[in-house]
Amino acid sequence: MVWLTGDDVATCDILFANHPQVFERMPDRPVRVRPDRVVCVLHHPPFDGAWVPQYDLGVVDRNLARLFGAPVYFAPVGPKVRTQFESLIGKKPNILPRDLFSMIDMSEWKPRQRPAPEGTATVGRHSRPDPLKWPDSREDLLAAYPDKRHLTIKALGGIPPEFQPWLGSNWQLLPFSEDGGASEFLSSLDFYVYFHSRQWVEAFGIGIAEAMASGVVTILDPSYETLFEDGAVYTEAGGTSEVIERLLSSPQAFAQQSATGRNLVEAKFSLAIYQKRMAELYGALELQPIPALKAAKSSRTGQKRQSGADAGQNSEKACRITARRRILFVATNGIGLGHITRLMAIAERMSSDVEPIFVTRSAGSSLISQRGHATDYIPWPVKIGVTDNSWNQVYAQELLAAIESFDIAAVVFDGTYPFPGLLDVAAVRPDLAWIWVRRAMWRAGHELKAELQSCFDMIIEPGELAHDEDYGPTQSMPGPITVVGPILLKEPGNFLPRADVALRLGLDPRKFTAAIQLGSRRNYSYDNLPELIMKELLGRGVQLVQIDNPLARPPDFEVPGTIRRTFYPIADYFGAIDLMITNAGYNSFHECIYGGVPAIFVPNESPEMDDQHLRATYAYASGLGLRLRASEFSRVKSMVDLATSEDFRQEMRRRAARLDFDDGAVAAARAIEQLVFSVRANRPLHESLART
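Note that the structure is predicted; figures quoted are calculated from it, not measured.

1. Digging into the overall build of the chain
Thinking step 1. Helix and strand counts for the chain stand at 22 helices and 22 strands.
Thinking step 2. In terms of overall dimensions, the chain has a C-alpha envelope of 85 × 65 × 55 Å along the principal axes.
Thinking step 3. Every one of the 692 residues in the chain was classed for burial, and the buried ones make up 53%.
Thinking step 4. Considering only contacts within the chain whose residues lie at least 6 apart along the sequence, 70% involve residues at least 24 apart.
Thinking step 5. For the chain, the computed accessible surface area is about 31,500 Å², with 50% contributed by carbon and sulfur atoms.
Thinking step 6. The distance from the centre of the 74 positive side-chain charges to the centre of the 83 negative ones in the chain is 4 Å.

2. Remarks on helix α7 (residues 240-248)
Thinking step 1. Turning to α7, its buried residues number three or more, namely Thr-240, Ser-241, Val-243, Ile-244, Leu-247 and Leu-248. Projected down its long axis, α7 carries its buried residues within an arc of 165°, all on one side.

3. Some details on the side chain of Glu-591
Thinking step 1. With respect to the helices, strands and loops of the structure, Glu-591 is situated in helix α18 (residues 586-594).
Thinking step 2. It is Arg-349 that comes nearest to the buried, bridge-free Glu-591 among opposite-charge side chains, at 9.3 Å.
Thinking step 3. Setting aside its immediate chain neighbours within four residues, Glu-591 contacts Leu-488, Ala-571 and Phe-574.

4. Notes on the packing of aromatic side chains
Thinking step 1. By the definition in use, this model includes 25 aromatic pairs.
Thinking step 2. Ring centres of Tyr-194 and Tyr-224 lie 6.5 Å apart, and the angle between their planes is 65°; this geometry places the pair in the edge-to-face category. Here Tyr-194, found in strand β7 (residues 191-194), pairs with Tyr-224, found in the loop between β8 (217-220) and α6 (225-228); they are 30 residues apart in sequence, far enough to count as distant.
Thinking step 3. According to the relative accessible area criterion, Tyr-194 is buried, its value standing at 4%.
Thinking step 4. Residue classification places Tyr-224 among the buried residues on the basis of a relative accessible area of 2%.
Thinking step 5. Relative to Phe-269, the ring of Phe-204 lies with its centre 5.2 Å away and its plane at 85°, an arrangement referred to as edge-to-face. Placement of the pair is Phe-204 in the loop between β7 and α5 (206-213) and Phe-269 in the loop between α8 (251-268) and α9 (274-284), with a sequence separation of 65 residues.

5. With respect to the confidence of the model for the chain
Thinking step 1. Confidence in the prediction for the chain averages 89 pLDDT; 92% of positions are at 70 or higher.
Thinking step 2. When the criterion is pLDDT under 50, residues 292-321 qualifies, and its contacts beyond four places in sequence or with other chains add up to 46 contacts.

6. Quick look at the sheet that holds strand β5 (residues 151-156)
Thinking step 1. Pairing is parallel across the open sheet formed by six strands, whose spatial order is β6-β5-β4-β7-β8-β9. Two strands bound the open sheet, and with one partner strand each, they are β6 (171-174) and β9 (233-234).
Thinking step 2. Sheet topology note: the strand β4 (residues 121-126)/β5 ladder contains six bridges and is parallel. Considered in β5, the bridge of Thr-122 is made with Thr-152.
Thinking step 3. Across the sheet, α5 touches β4, β7 and β8, and the angle it forms with β8 is around 150°.

7. Here we look at unusual backbone geometry
Thinking step 1. With an omega of -5°, the peptide bond between Tyr-568 and Pro-569 qualifies as cis.
Thinking step 2. For Pro-569, the location among the structural elements is in the loop between β19 (563-565) and β20 (579-582).
Thinking step 3. In this structure, Glu-286 is a non-glycine residue whose phi angle is positive, near 60°.
Thinking step 4. Here Glu-286 is to be found in the loop between α9 and α10 (308-318).
Thinking step 5. Classification of Glu-286 by relative accessible area gives exposed; the value is 70%.

8. What to know about the environment of Leu-423
Thinking step 1. Mapping Leu-423 onto the fold places it in helix α15 (residues 420-428).
Thinking step 2. Ignoring sequence-local partners within four residues, the contact set of Leu-423 consists of Pro-418, Leu-452, Cys-455 and Phe-456.

9. Notes on the environment of Ser-588
Thinking step 1. Note on placement: Ser-588 falls in helix α18.
Thinking step 2. Note: C-alpha distance between Ser-588 and Gly-338 (250 residues apart in sequence) is 8.8 Å.
Thinking step 3. Sequence-distant contacts of Ser-588, that is, excluding residues within four places in its chain, are made with Thr-582, Asn-583 and Phe-601.

10. Some remarks on the packing of α5 against α8
Thinking step 1. Running from N to C, α5 and α8 point in directions that differ by 120°, and their axes come no closer than 7 Å. On the basis of their axis angle, the class for α5 and α8 is oblique. The interaxial crossing formed by α5 with α8 has left-handed handedness. Residues Ala-209, Met-212 and Ala-213 of α5 pack against Gly-261, Arg-262, Leu-264 and Val-265 of α8.
Thinking step 2. The residue makeup of the contact of α5 with α8, split by class, is five nonpolar, one polar and one charged.

11. Things to note about the sheet that holds strand β2 (residues 33-42)
Thinking step 1. As summarised here, the arrangement of the three strands in space is β1-β2-β3, forming an open sheet in which the pairing is parallel. Both outer strands of the open sheet, β1 (10-18) and β3 (72-76), are each paired with one neighbouring strand and no more. Ignoring which end each strand starts from, the neighbouring axes of this sheet average 25° apart.
Thinking step 2. With respect to the sheet, α9 is in contact with β1 and β2, its orientation differing from that of β1 by roughly 105°.

12. So, helix α19 (residues 612-621)
For an α-helix the count is 3.6 residues per turn, leaving residues at separations of three or four pointing the same way.
Thinking step 1. Every buried residue of α19 is accounted for by Gln-612, Arg-615, Ala-616 and Ala-619. Relative to the axis of α19, the buried residues are bounded by an arc of 95° and lie together on one face.
Thinking step 2. Gly-623 lies just past α19 and shows a positive phi near 70°.

13. Focus: the state of the cysteines
Thinking step 1. Considering all chains together, one arrives at zero disulfides under this definition.
Thinking step 2. With no disulfide of its own, Cys-40 lies closest to Cys-12 among cysteine sulfurs, the gap being 15 Å.
Thinking step 3. The exposure class of Cys-40 is buried, given its relative accessible area of 0%.

14. A word on the nonpolar core
Thinking step 1. In this structure, Val-39, Leu-64, Leu-220 and Phe-228 are the most contacted members of the largest nonpolar core, which totals 64 residues.
Thinking step 2. With six residues, β2 is the largest single contributor of residues to this core.
Thinking step 3. Not counting the four nearest positions on each side in its chain, Val-39 is found in contact with Ile-14, Leu-15, Phe-16, Ala-17, Tyr-73, Ala-75, Leu-96, Leu-100, Leu-281 and Leu-285.
Thinking step 4. Residues Ile-533, Phe-574, Phe-589 and Ala-616 belong to the second largest nonpolar core, which totals 53 residues.

15. Description of the packing of helix α17 (residues 529-538) against helix α20 (residues 636-643)
Describing two packed helices takes the angle between their axes plus the distance from one axis to the other.
Thinking step 1. Where α17 contacts α20, the two axes come as close as 10 Å, and the packing angle between them is 50°. Accordingly, the angle class assigned to the pair α17 and α20 is oblique. In the crossing of α17 with α20, the sense of the turn from one axis to the other is right-handed. In contact with Leu-529, Leu-532, Ile-533, Glu-536 and Leu-537 of α17, α20 contributes Val-636, Lys-637 and Val-640.
Thinking step 2. By residue class, the composition of the contact of α17 with α20 is six nonpolar, no polar and two charged.

Parameters at a glance
- Residues numbered from 1 in each chain as written.
- Predicted model: local features only at pLDDT ≥ 70, side-chain atom pairs only at ≥ 80, totals over all residues.
- Heavy atoms only, no water.
- Helix = DSSP H or I, 4+ residues; strand = E, 2+ residues; numbered from the N terminus.
- Buried < 20%, exposed > 50% of the residue type's maximum accessible area, 1.4 Å probe, protein only.
- Contact = heavy atoms within 4.5 Å.
- Areas by Shrake-Rupley, 256 points an atom, 1.4 Å probe, with all protein chains shown as cover.
- Lys, Arg positive; Asp, Glu negative; His and termini not counted.
- Charge placed at Lys NZ, Arg CZ, Asp CG, Glu CD.
- Arc of directions from axis to C-beta.
- Salt bridge = Lys/Arg side-chain N within 4 Å of Asp/Glu carboxyl O.
- Phe/Tyr/Trp six-rings, centres within 6.5 Å; stacked < 30°, edge-to-face > 60°.
- pLDDT = per-residue confidence, 0-100.
- Pairing = 2+ DSSP bridges.
- Axes fitted to C-alpha atoms, helices over the stretch in contact; angles between N-to-C directions.
- Parallel < 35°, antiparallel > 145°, perpendicular 65-115°, else oblique.
- Left-handed = near helix turned anticlockwise from the far one by under 90°.
- Nonpolar A, V, L, I, M, F, W, Y, C, P; charged D, E, K, R; others polar.
- Disulfide = S-S within 2.5 Å.
- Core = buried A, V, L, I, M, F, W, Y, C linked by side-chain atoms within 4.5 Å.

Okay, structure coming up:
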């Protein structure tokens, strides 16, 4: 399968335009897919239950016809939508004769394994906690979900907070898990009961179909009977209790209804009938079906046919003609190198369709250039002795000039707070995609203004190993956050061989080697702690490397017997390091743990920093590292004894090997690319144009 962007030229027989509300606005640039027909799938009814319009079908029809230059047809996903469509007065858009039902992959929904319930039963449903998805009154809610001792009521996804005082004592509210968890949830139910507000019109009811596919006996409002036929039992909310009691008293009737529901879904909505459905669709559109129902003609401009293995390996890249998008990666000036490191990790996992360009306030800009990235360095106010206000005014002009000069498509910012100059440019260039990479683990007392989030189209949060202990302000921010795995520049385990590292650094590869690097030390004093640690290690005959941070001032001490080096990134050299002494910043912390490198974490506890003490404590409690605070001089000897013991290092590596690493840099790169290459149609066209 090939991911098409708006700039790819392709032809096809049928283009499915899913959900009419997506096409109420024209996109801000052409979509170069050329279909013979456009089928707009109506996943939402034209009116709600009070007959309030939900979208303008005429506008959707015109937009699709002009966007793709082809005849437009509409396909309801169910009879409720069709009934509303057919009630329209005046000229109506083209409607297909058959509904285009949503489909179910039956392999994802296992048939019921448990026997029919007797005496007691579990009743449930799953949906988002929107008031429209629930009965309007307390009486209707308790009628549909009876407060009876022999019934347990489960709701996956929760319930509106204002309805919670109505609930009986037999309720269990369960949150959605990261992977949804619907299949496991449905397998725990006996009855699936679904009633909603009179203002809501359910276009199809995919959750209902999932319940039937799982063999759960389903109880619905009679308005669903046209769609789900004998697959469900129909009653008003007040009759729910009677239906449940009747089926509880007859296990045979329960088992028969359970099987009928699953059979209905398999016959009417399963992927097994996909080919038949497509043949009917081709016939309705008066198109000649292609053998094996070819999905697209896929004749892209400039494409040459390949054969054999080359075609299989290069099909996606060979057929892509998309012009490269330039993305501006903007890093703030951190105390260390975390911001630029995360941005480089993402940029270096982008596809060849993207050209990354960096603009940074960080003094580590030379490290970005050394890795082959185009980079511009703008010193921060303190560095050049100007006020914040004047600096932000000039910065906004510089940033806007870079955006226009390089024809930038998106701006990716990594920093704790977006500074005013950046936000000013975001306000005048809403046509760009604006992404904020914002790590979590803020201190509980730090302030984060919720309105900052509205300035960005996407907020990406890098994964935190200790996220369960994070109670900082980012955890309670409203709005969608794209949470990815840990974002690291080097993939764990992808280190240089020990012999190669030893040769480069002038080490003896046979000796136990420790390395110490406590960040830039520009805002936090560790006093004499580093010297004490180094002397303890050297006293045990350990080979010690003192790694100087590229941003750090030269240390005011020198311990004889150490080997001093400056290199970046440190993770390249982990293959020859048996013990790290480092702070607990985002990068060093996750690099050591996921890389299986035993470490003593010495947190930077300056008030403006992220909660490094919390990270270090989590590692200590989890057996994934040791923690030594800057004030704990008396614990240096015992901590070094433990860190150099074979038992600790073996156990740490064993525990680290059990951790699953999900490459957040890859996930972030893909999310950004999908946003950048998507065609924006979520705002009026005049608001999508550049304003400088």
